[in-house]
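The primary structure of each chain is shown beneath.
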Amino acid sequence: MKNDLKRNGSGCLDPTAYQAIMNVDAVSSVDKANRYKRRENDSEERLNKLLAAIFAICDAADFHVEERIVVKDKRTGKVWR
């Protein structure tokens, strides 16, 4: 009975409180998904800036990148190939 979210502290059914808790959980889940998407977008944006800098440095030094560049994001652990 302690873990039954549909009942209040007295043990009586409390559908209003239960629905409020479920709404908060739903918003929390959406918020987590949005944070993940923002982190992915941030990671991809940082990767694009890094690659632009690498290519600019190579160009300035009269070099050309011949092979694939593989980098690992220290923040997310994602490997970009």
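Every residue gets a number counted from 1 within its own chain, in the order that chain's sequence is written. Only residues with pLDDT of 70 or above have their local features reported here, since the model is predicted, and side-chain atom pairs are shown and tallied only from 80 upward, although totals for entire chains, interfaces and linings are computed over all residues. To obtain the side-chain values, all non-hydrogen atoms of the structure were included, while hydrogens and water were left out.

**Examining the pattern of salt bridges**
By definition here, a salt bridge exists when the distance from a side-chain nitrogen of Lys or Arg to a carboxyl oxygen of Asp or Glu is within 4 Å. In this structure the tally under the stated criterion is five salt bridges. One salt bridge in this structure joins D4 and R7, with 3.4 Å as the shortest N-O distance. By relative accessible area, which is 32% here, D4 ends up partly exposed. Between R75 and D42 there is a salt bridge, and its shortest N-O distance comes to 3.5 Å. Of this pair, R75 sits in the loop between β1 (71-72) and β2 (79-80) while D42 sits in helix α1 (residues 15-60), and the two are 33 residues apart along the sequence. Here the term buried applies to any residue with accessible area under 20% of the maximum for its type, exposed to any over 50%, and partly exposed to those in between, with areas from a 1.4 Å probe on protein chains only. When its relative accessible area of 62% is taken as the criterion, R75 is described as exposed. A run of H or I in DSSP becomes a helix once it reaches four residues, and a run of E becomes a strand once it reaches two; helices and strands are each numbered from the N terminus.

**Considerations on the environment of G11**
The topology assignment puts G11 in the segment before α1. Separated by 70 residues in sequence, G11 and R81 have C-alpha atoms that sit 56 Å apart.

**Looking at the side chain of S43**
Structurally, the position occupied by S43 is in helix α1. Residue classification places S43 among the buried positions, given a relative accessible area of 1%. Contacts: residue pairs with any heavy atoms within 4.5 Å of one another. If we skip the residues at most four places from it in the chain, S43 touches D73, T76 and W80.

**Thoughts on the packing of aromatic side chains**
Two rings belonging to Phe, Tyr or Trp (six-membered ring only in the last case) form a pair when the distance between their centres is within 6.5 Å. Interplanar angles under 30 degrees mark stacking, angles over 60 mark edge-to-face geometry, and anything in between is tilted. According to the stated counting rule, one finds zero aromatic pairs in the structure shown. We call a charge positioned over a ring when the NZ of a Lys or the CZ of an Arg lies within 6 Å of the ring centre and within 35 degrees of the ring normal. Here the guanidinium or amino end of K6 rests over the ring plane of Y18, the centre of that ring lying 5.3 Å away. For the cation-ring pair, K78 lies above W80, with the distance from its terminal atom to the ring centre recorded as 4.4 Å.

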